[in-house]
Amino acid sequence: ANLTGWYTLIDAGEPYDSNPLAAAIIEQITTYHSSYYIDHSEPPAPLLIQNGWNDDLFPVDEAVRFYNRTRAQYPGAPISLFLMDDGHARSQNKPADEALFLARENAWFDHYLKGTGPEPTSSAEALTTVCGGSSEGPYRADTWRGLATGEVRLEGAAAQTIVPAAGDPAVGQAFDPIAGSGACATAPGADQPGVATYRLAVPSPGFTLLGSPTIEADLATAGEGSELAARLLDLLPNGEERLVARGLLRPGIGGSDVVFQLHPQGYRFAAGDVAKLELLPADPPYARPSNLQAPITVSNLELRLPVQEQPASLGGLVQSASATTGERRRAIRHRSKQRAARS
């Protein structure tokens with residue numbers, strides 16, 4: 001692998017498609033550097049997969065997609081998932097959390113390597129990110145999807161346009177894995193000009209995010225090389241905001257009912273806080289801006305937050321969890337046909 005050459009190419013930025021080395025980089029990584037692309041034609045050895053919510057180098061979604069595919073392909077295979085706030089920057093790595101996972105790891109090894117302990121149950125477990133106290137949990141379910149029993153949604157937002165070069169660099173630096181101050185860093189919570197911003201007030205007694213924040217929206221842009229950066233934030237009563245989850249999307253020329261997800265997170269939104277979504281043209285220094293950025297108009301946005309609370313709780317705010325991906329796509333196609341008929 002030509003790591004210095006790869007870095008030079010990626011750091012130079014768009015356009016990538018005309019450079020054959022860009023395709024070669026993808027082929028090298030998927031062939032030799034990703035567990036997801038290892039031959040999975042046979043059941044795996046017993047797997048205990050652990051990942052950290054705030055590890056920006058190895059995001060949780062890479063572990064989750066491997067786990068979901070393996071559970072679907074080999075339903076009876078011993079496979080468990082354990083998620084918590086540990087790993088590379090911005091993680092907190094709390095000793096109590098590490099000790100709990102070590103107990104799970106030892107039990108797994110006792111049974112499958114030494115043959116001396118009871119068989120562990122295949123499950124998904126999660127401890128949440130907590131600032132200034134002990135982590136909540138562990139929450140446990142038979143599957144990853146089962147960790148979130150309900151969903152909090154924000155719908156009906158007015159159309160907004162994301163302007164190239166918008167966004168305060170100081171806010172991006174506060175939330176950067178290297179330049180920032182970790183998972184509990186805060187920044188001024190004022191709305192930023194040219195950034196699409198959406199707010200959802202958190203009622204009493206609050207709710208616990210457990211999963212991937214999902215955005216569905218109509219996106220319109222003339223720039224195929226444009227970037228869309230998303231931040232889910234906790235706007236605190238003192239006016240400061242804390243990063244909860246982030247994600248990046250290359251929307252192409254956009255389209256109707258574009259669905260994308262932020263990196264998963266386990267996080268408690270307290271009563272009186274505001275769950276705030278920002279859509280920006282870039283998220284530097286965490287991610288480099290595009291050389292080909294154009295305005296992006298966002299309309300018909302729906303934000304879905306998978307939560308631990310039961311449907312119909314919080315005065316009816318919590319709804320039933322969304323359908324599977326296939327069911328969502330069928331619903332999207334139906335809605336698109338209805339829009340076409342109205343026009």
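Residues numbered from 1 in each chain as written. Predicted model: local features only at pLDDT ≥ 70, side-chain atom pairs only at ≥ 80, totals over all residues. Heavy atoms only, no water.

Colleague: Mind showing me how you'd approach the state of the cysteines here?
Modeller: A covalent bond bridging the sulfur atoms of two cysteines is what the word disulfide describes. In the structure shown here, the tally under the stated rule is 1 disulfide. Residue pairing for Cys 131: its cysteine sulfur links by disulfide to Cys 184, the two sulfurs lying 2.0 Å apart. Note on the Cys 131 and Cys 184 pair: the S-S dihedral is about -100°, so by sign convention the disulfide is left-handed. Residue Cys 131 is found in the loop between β3 (124–126) and β4 (139–141), and its partner Cys 184 is found in the loop between α5 (169–174) and β7 (186–188); the two are separated by 53 residues along the sequence. (Disulfide = S-S within 2.5 Å. Helix = DSSP H or I, 4+ residues; strand = E, 2+ residues; numbered from the N terminus.)

Colleague: Help me out: how do you make sense of the sheet that holds β4 in this one?
Modeller: Strand pairing in a sheet relies on backbone hydrogen bonds, with the paired strands running either antiparallel or parallel. Spatially, the 4 strands line up as an open sheet ordered β1-β2-β3-β4, and their pairing is mixed. Bordering the open sheet on either side are β1 (47–52) and β4, each of which pairs with just one other strand. When the angles between neighbouring strand axes are averaged without regard to direction, this sheet yields 15°. In this fold helix α3 (residues 60–73) packs onto β1, β2 (79–84) and β3, with an angle of close to 160° to the strand it touches most, β2. Each of β1, β2, β3 and β4 touches helix α4 (residues 95–114); the most contacted strand, β2, lies at about 170° to it. (Pairing = 2+ DSSP bridges. Axes fitted to C-alpha atoms, helices over the stretch in contact; angles between N-to-C directions. Contact = heavy atoms within 4.5 Å.)

Colleague: What exactly am I supposed to notice about the sheet that holds strand β11 (residues 228–235) here?
Modeller: Spatially, 5 strands are ordered β7-β12-β11-β15-β8 in an open sheet, and the strand pairing comes out antiparallel. If you trace the sheet from one side to the other, it starts and ends with β7 and β8 (196–201), each paired once. The sheet shows a mean angle of 35° between the axes of neighbouring strands, direction not considered. In this sheet, strand β15 (residues 274–280) lies alongside β8 in antiparallel orientation, the contact comprising 6 bridges. From the neighbouring strand, Thr 197 faces β15, where its bridge partner is Glu 278.

Colleague: So what exactly am I meant to see when it comes to the pattern of salt bridges here?
Modeller: Any two side chains of opposite charge can pair, given that their charged atoms come close. Going through the model one piece at a time under the given rule, you end up with 20 salt bridges. Note that Glu 14 and Arg 250 form a salt bridge whose closest N and O atoms lie 2.9 Å from each other. Remark: Arg 250 occurs in the loop between β12 (240–249) and β13 (254–261) and Glu 14 occurs in the loop between α1 (3–12) and α2 (20–32); sequence separation between them is 236 residues. Close ionic contact of Glu 278 with Arg 231 constitutes a salt bridge, the shortest N to O distance being 3.3 Å. With Glu 278 in strand β15 and Arg 231 in strand β11, this pair connects stretches of sequence that are 47 residues apart. The exposure class of Glu 278 is buried, given its relative accessible area of 0%. Sharing partners across several salt bridges, the network here consists of Asp 56, Arg 90, Asp 191, Arg 199, Arg 231, Glu 241, Arg 246, Lys 276, Glu 278 and Asp 283. (Salt bridge = Lys/Arg side-chain N within 4 Å of Asp/Glu carboxyl O. Buried < 20%, exposed > 50% of the residue type's maximum accessible area, 1.4 Å probe, protein only.)

Colleague: Can you help me understand the nonpolar core in this one?
Modeller: When a protein is soluble and globular, its nonpolar side chains tend to lie buried together. Residues Ile 215, Leu 232, Phe 269, Leu 279, Val 298, Leu 301 and Leu 305 are the most contacted members of the largest nonpolar core, which totals 34 residues. Among the elements that take part in this core, strand β16 (residues 296–307) stands out by supplying 6 residues, more than any other. Contacts of Val 298, omitting those with residues within four sequence positions, involve Ala 158, Ala 159, Gln 160, Ile 162, Tyr 198, Ala 217, Asp 218, Leu 219 and Leu 279. Within the second largest apolar cluster, 17 residues are counted, among which are Val 64, Leu 81, Tyr 139 and Trp 144. (Core = buried A, V, L, I, M, F, W, Y, C linked by side-chain atoms within 4.5 Å.)

Colleague: Whenever I open this one, empty space enclosed by the protein confuses me. Can you help?
Modeller: Left-over empty space is what a probe sized like a water molecule reveals as it rolls over the atoms. Applying the stated criterion across every chain, the model contains 1 cavity of 30 Å³ or more. Taken as a whole, the largest cavity holds about 70 Å³ of empty space. Together, Trp 53, Asn 54, Asp 55, Asp 56, Pro 59, Arg 90, Val 244, Ala 245, Arg 246, His 263, Pro 264 and Gln 265 line the largest cavity. Looking at the lining of the largest cavity element by element, the count peaks at 3 residues for β12. A per-class count over the lining of the largest cavity returns 5 nonpolar, 3 polar and 4 charged. (1 Å grid on protein atoms, 1.4 Å probe; cavity = no way out; pocket = protein on both sides within 12 Å on 5 of 7 lines; lining within 4 Å. Points joined across faces, edges and corners; volume = space filled by probe spheres on them. Nonpolar A, V, L, I, M, F, W, Y, C, P; charged D, E, K, R; others polar.)

Colleague: Which parts of the structure should I look at to understand the confidence of the model for the protein?
Modeller: For any part of a model where pLDDT is low, the fine detail of the predicted coordinates should not be relied upon. Model confidence for the protein is summarised by a mean pLDDT of 92, while 94% of its residues fall at 70 or above. Ignoring residues within four places in sequence, the model shows residues 332–343, a span with pLDDT below 50, making 10 contacts including any to other chains. (pLDDT = per-residue confidence, 0-100.)

Colleague: Whenever I open this one, the side chain of Ser 290 confuses me. Can you help?
Modeller: Within the secondary structure, Ser 290 sits in the loop between β15 and β16. Look at Ser 290 and you get buried, because its relative accessible area is 11%. Of the polar contacts made by the side chain of Ser 290, one reaches the side chain of Glu 14; its length is 3.5 Å. A polar atom in the side chain of Ser 290 sits 3.0 Å from the backbone nitrogen of Leu 292. Residues contacting Ser 290, with those up to four places away along its chain left out, are Glu 14, Gly 225, Ser 226, Glu 227 and Arg 250. (Polar contact = N/O pair within 3.5 Å; in protein donor to acceptor, adjacent residues only side chain to side chain.)

Colleague: Got a minute to help me understand the packing of aromatic side chains in this structure?
Modeller: Pairs of aromatic rings are described using the distance from one ring centre to the other and the angle between the two planes. As enumerated under the stated definition, the model contains 5 aromatic pairs in all. On the basis of an interplanar angle of 50° and a centroid distance of 4.9 Å, the ring pair of Trp 108 and Tyr 112 is categorised as tilted. Taken together, the positions of Trp 108 and Tyr 112, both in helix α4 and 4 residues apart, correspond to about one turn of that helix. According to the relative accessible area criterion, Trp 108 is buried, its value standing at 5%. Centroid distance Tyr 267 to Phe 269: 5.2 Å. Interplanar angle 70°. Geometry classified as edge-to-face. (Phe/Tyr/Trp six-rings, centres within 6.5 Å; stacked < 30°, edge-to-face > 60°.)

Colleague: Teacher, can you tell me more about the layout of surface pockets here?
Modeller: Estimates place the volume of the largest pocket at around 2,300 Å³. Lining the largest pocket are 49 residues, with Ile 10, Ile 25, Ile 29, Leu 57 and Leu 248 positioned closest to its centre. Elements that contribute at least two residues to the lining of the largest pocket include exactly α1, α2, β1, α3 and β12. When the residues that make up the lining of the largest pocket are grouped by side-chain class, the tally is 29 nonpolar, 9 polar and 11 charged.

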